[in-house]
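Notes for the structure review
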Amino acid sequence: MNKEEFISSGLLELYAMRISSPEETQIVEETLKQFPELKQELEDIEISLEEYAQVNAIEPPASAKEKIISRVFAEGANEENKTAPVISINKKTAIPMFYKWIAAAALILLIGSIIVNYSYYEKYHDAKQELITAQRTIEQQQKSNQAMNQDMEIVTNKYAEPVLLKGTPKAPDAVAKIFWMKNTGDVYINPTNLPQAPAGKQYQLWGIVDGKPVDGGMIRTEKGTYHIQKMKSFGKADAFAITLEKAGGSPTPTMSEMVVIAKM
Amino acid sequence: MVIILSLFLNDHVPTIIFLPDTTKYNEEELIALLKGGDESAFAYLYDNYSAALYGIIYRIINNNQVAEDVLQEAFVKIWNNFSSYNASKGRLFTWMVNIARNLSIDTTRGKSYKQQMKIQSNENAVTNASNHINENDRFDSLGLRQQLSALKEDQKQIIDLAYFEGFTQNEISQKLGIPLGTVKTRMRTAILELKKILQP
């Protein structure tokens, strides 16, 4: 069929009105492909029919529009809801491998992390213990340094007058050293060479002032306290003596228990 | 199309109120927007084509309530199946007419429709139909209706049966009791005349 025959066949009109049979439809669509310029002819017919339909239009009830629009948009929303599970089903079959890899990687990372964490915790714990030990050592050393410094200050004080108290026949090996500050009268004692006092007993210092013994304070000789200790002050004294008394001291010296003495 | 308000009801279905808009789309723009699911383009489509489609639906259905239902079905189908519209096979309106016409014809074959029409025929079918003759003034303002009076009655009849009601040439031949050849020539001259009137 050539172009003119086709145009005069009336098939294009049938097609434009969508009343052509399937065979006629096929002929029209093939002919339109063959002669694209016929599309304009088709469109002219369609536009004429469209205008004819508009002239014969009837306004639908006013309520129809809102119903249709809300239904169309609601159905659109429903359709999205409907398609969502379909997509997820597809994903279930398409992506399990991906999830397996993710899960495996996550598990390896988790185990690795636990191992590393445990090892770090051990190291941390050890380091903390070491630190505590070191800090204690330093503290002890600082204390002993401080005590030593105090000792040194007393010993090297230019006003310090050292008095050596020598052992009595009762304790011939005992020695004690007093540092008597000439400017202040302060008395310090170094008990390092006194024997440790027996349980329930304590050494007590006495100053002999105008022939009478005056209490000079208790001397601590427990282990670890063998440092120079500050005693009571004496403005003047004829002699110093140390006796072994009951713990807490006595108001008057027990002369039989005198261990060291020095006359000034 | 301007969307002025979008209110949300309890069931989260948006109620959108469209106000008349002066925007005019050409066919290509409209198709592109509708393919993209543009809702305002759909409202434009409704504003411009619902009356023409309703005229066709009503002619077949001949009942207000049912015709409105079919119009609703037709627009839902147009929206949901828009991706299947192929512009190379014809104009958008031609495609929409086919949908509306097929839905209408299917409806008239349904049992509930036949029952409803029985009830209606017992009531006021005549006034019902006469309420709706040529209510669309938009095109009348162009004076087209008057020009179309130049179309002969038998030419109008054959276009109406074929285009509006989807009758094939054979069916028209049987219905009108005229030979198929006469139907063919009359249909072609009717459309040529229509073209001459509308596109001088």
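Residues numbered from 1 in each chain as written. Chains lettered and ligands numbered in written order. Predicted model: local features only at pLDDT ≥ 70, side-chain atom pairs only at ≥ 80, totals over all residues. Heavy atoms only, no water.

Moving on: the nonpolar core. Most often, soluble globular proteins keep nonpolar side chains buried together rather than apart. Counting 85 residues, the largest nonpolar core has Phe42, Leu45, Leu92, Ile159 and Met187 of chain B as its most contacted members. For this core, the element with the most residues is helix H2 (residues 39–61) of chain B, which contributes 16 residues. Not counting the four nearest positions on each side in its chain, isoleucine 159 of chain B is found in contact with Leu49 and Tyr52 of chain A together with Leu151, Phe164, Ala190, Ile191 and Leu194 of chain B. Within the second largest apolar cluster, 24 residues are counted, among which are Ala176, Ile219, Ile242 and Leu244 of chain A. (Core = buried A, V, L, I, M, F, W, Y, C linked by side-chain atoms within 4.5 Å. Buried < 20%, exposed > 50% of the residue type's maximum accessible area, 1.4 Å probe, protein only. Helix = DSSP H or I, 4+ residues; strand = E, 2+ residues; numbered from the N terminus. Contact = heavy atoms within 4.5 Å.)

On to the pattern of salt bridges, then. Counting across every chain of the model gives 17 salt bridges over all chains. The closest approach of N and O atoms between glutamate 193 of chain B and lysine 196 of chain B, which form a salt bridge, is 3.7 Å. Pair noted here: glutamate 193 of chain B and lysine 196 of chain B are both in helix H11 (residues 180–198), with a separation of three residues, about one helical turn. Salt bridges sharing partners connect three or more residues here, namely Glu43 and Glu50 of chain A together with Glu27 and Arg91 of chain B. (Salt bridge = Lys/Arg side-chain N within 4 Å of Asp/Glu carboxyl O.)

Moving on, we get to the side chain of glutamine 54 of chain A. Note on placement: glutamine 54 of chain A falls in helix H4 (residues 38–55). One polar contact links the side chain of glutamine 54 of chain A to the main-chain carbonyl oxygen of asparagine 48 of chain B, over a distance of 3.0 Å. (Polar contact = N/O pair within 3.5 Å; in protein donor to acceptor, adjacent residues only side chain to side chain.)

Within a sheet, adjacent strands bond to each other through the backbone by hydrogen bonds, running parallel or antiparallel. All names here are of chain A. Sheet architecture is open: eight strands sit in the order E5-E4-E7-E8-E1-E2-E3-E6, paired in antiparallel fashion. Each having just a single partner strand, strand E5 (212–219) and strand E6 (229–230) make up the two edges of the open sheet. One ladder, built from two bridges, connects strand E1 (residues 160–167) with strand E8 (residues 258–263); its direction is antiparallel. Looking across to E8, one finds that glycine 167 is bridged to valine 260. (Pairing = 2+ DSSP bridges.)

Under the counting rule described, the total for this entry stands at 17 aromatic pairs over all chains. Taken together, a centroid distance of 5.8 Å and an interplanar angle of 65° make the contact between phenylalanine 73 of chain A and tryptophan 79 of chain B edge-to-face. One end of the pair, phenylalanine 73 of chain A, is in helix H5 (residues 63–94); the other, tryptophan 79 of chain B, is in helix H3 (residues 64–80), on a second chain. The residues phenylalanine 73 of chain A and tryptophan 79 of chain B share a single accessibility class, namely buried. Through a chain of ring-to-ring contacts, the aromatic side chains of Phe73 of chain A together with Phe42, Tyr46, Phe75 and Trp79 of chain B assemble into a single cluster. One Lys or Arg, arginine 18 of chain A, reaches over the ring of tyrosine 15 of chain A and ends 4.7 Å from the middle of that ring. (Phe/Tyr/Trp six-rings, centres within 6.5 Å; stacked < 30°, edge-to-face > 60°. Lys NZ or Arg CZ within 6 Å of the ring centre and 35° of its normal.)

The next thing to look at is the confidence of the model for chain B. Low pLDDT marks regions whose predicted coordinates should not be analysed in detail. All names here are of chain B. Mean pLDDT over chain B: 80, with 78% of residues reaching 70 or higher. Low pLDDT, under 50, characterises residues 1–19; the predicted model gives this stretch 41 contacts beyond four residues in sequence or across chains. In the predicted complex, the global pTM is 0.54; the interface-specific ipTM is 0.82. (pLDDT = per-residue confidence, 0-100.)

Let us now look at the pairing of E8 of chain A. Of the pairings in the sheet, the one linking strand E7 (residues 239–246) of chain A to E8 of chain A comprises five bridges and is antiparallel in character. Bridge pairing links phenylalanine 240 of chain A to alanine 262 of chain A in E8 of chain A.

Taken together, the contact pairs 63 residues of chain B with 47 residues of chain A. Taking both partners together, chain B and chain A bury about 5,400 Å²; carbon and sulfur atoms supply 62% of that area. Our count for the contact surface shared by chain B and chain A stands at eight salt bridges. Inspection of the region where chain B meets chain A yields 18 residue pairs in polar contact (both at pLDDT 80 or more). (Buried area = accessible area lost by both parts, 1.4 Å probe.)

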